[in-house]
Amino acid sequence: MTSLPIESNAAANDAPVSVVSDVETEEEDLEQIQRDAAAAQQKIADEAQARVDAAKARKEQKRLDREKKAADDKAKKLKEAEEAWKA
């Protein structure tokens, strides 16, 4: 069996291993992923709120239109009744 010279093992052991920077990079990546996810979630929430607001506005407009139509119909019937009374 052939063994490696001790000097070559020592040289391999002296090679810098960047464990801390890998961990820091992973933490930075995780933080960026979290920021991206939070931004995407906020965008979805904003879009959903905009749809809810638009639906509320349409519903309110329909209610106002119905009220106006009812008032117009009542005014028309009243006018017709006044004209019939005069005739």
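This text follows the structure it describes.
Residues numbered from 1 in each chain as written. Predicted model: local features only at pLDDT ≥ 70, side-chain atom pairs only at ≥ 80, totals over all residues. Heavy atoms only, no water.

### Section: the overall build of the protein chain
Link 1 in the chain: Across its full length, the protein chain holds two helices and zero strands.
Link 2 in the chain: Taken over 87 residues, the protein chain has a buried fraction of 0%.
Link 3 in the chain: Here the protein chain has roughly 8400 Å² of accessible surface; of this, 58% comes from carbon and sulfur atoms. (Helix = DSSP H or I, 4+ residues; strand = E, 2+ residues; numbered from the N terminus. Buried < 20%, exposed > 50% of the residue type's maximum accessible area, 1.4 Å probe, protein only. Areas by Shrake-Rupley, 256 points an atom, 1.4 Å probe, with all protein chains shown as cover.)

### Describing a positive patch on the surface
Link 1 in the chain: Together, Arg58, Lys59, Lys62 and Arg66 make up a region of like positive charge exposed at the surface.
Link 2 in the chain: Mapped onto the elements, Arg58 comes out in helix α2 (residues 19–86).
Link 3 in the chain: What makes Arg58 exposed here is its relative accessible area of 51%. (Patch = residues over 30% accessible without salt bridge, like charges linked within 9 Å, V, L, I, M, F, W, Y side chains within 5 Å. Salt bridge = Lys/Arg side-chain N within 4 Å of Asp/Glu carboxyl O. Lys, Arg positive; Asp, Glu negative; His and termini not counted. Charge placed at Lys NZ, Arg CZ, Asp CG, Glu CD.)

### Looking at the pattern of salt bridges
Link 1 in the chain: Tallied over the full model, the rule gives four salt bridges.
Link 2 in the chain: Arg63 is the salt-bridge partner of Glu67, the closest N and O atoms lying 2.3 Å from each other. A residue pair is termed a helical-turn pair when its members lie 3 or 4 positions apart in one helix, as Glu67 and Arg63 do in helix α2 at four residues.
Link 3 in the chain: Owing to a relative accessible area of 43%, Glu67 belongs among the partly exposed residues under this scheme.
Link 4 in the chain: Judged by relative accessible area, Arg63 falls into the partly exposed class, the value being 31%.
Link 5 in the chain: A salt bridge links Lys69 to Asp73; its shortest N-O distance comes to 3.1 Å. You can see Lys69 and its partner Asp73 sitting in helix α2, four residues apart, about one turn around the helix.
Link 6 in the chain: Judged by its relative accessible area of 34%, Asp73 falls in the partly exposed class.
Link 7 in the chain: It is possible to trace a salt-bridge network through shared partners that takes in Glu60, Arg63 and Glu67.

### Some points on a negative patch on the surface
Link 1 in the chain: There is a patch of like negative charges on the surface, built from Asp22, Glu24, Glu26, Glu27, Glu28, Asp29 and Glu31.
Link 2 in the chain: Of note, Glu28 is situated in helix α2.

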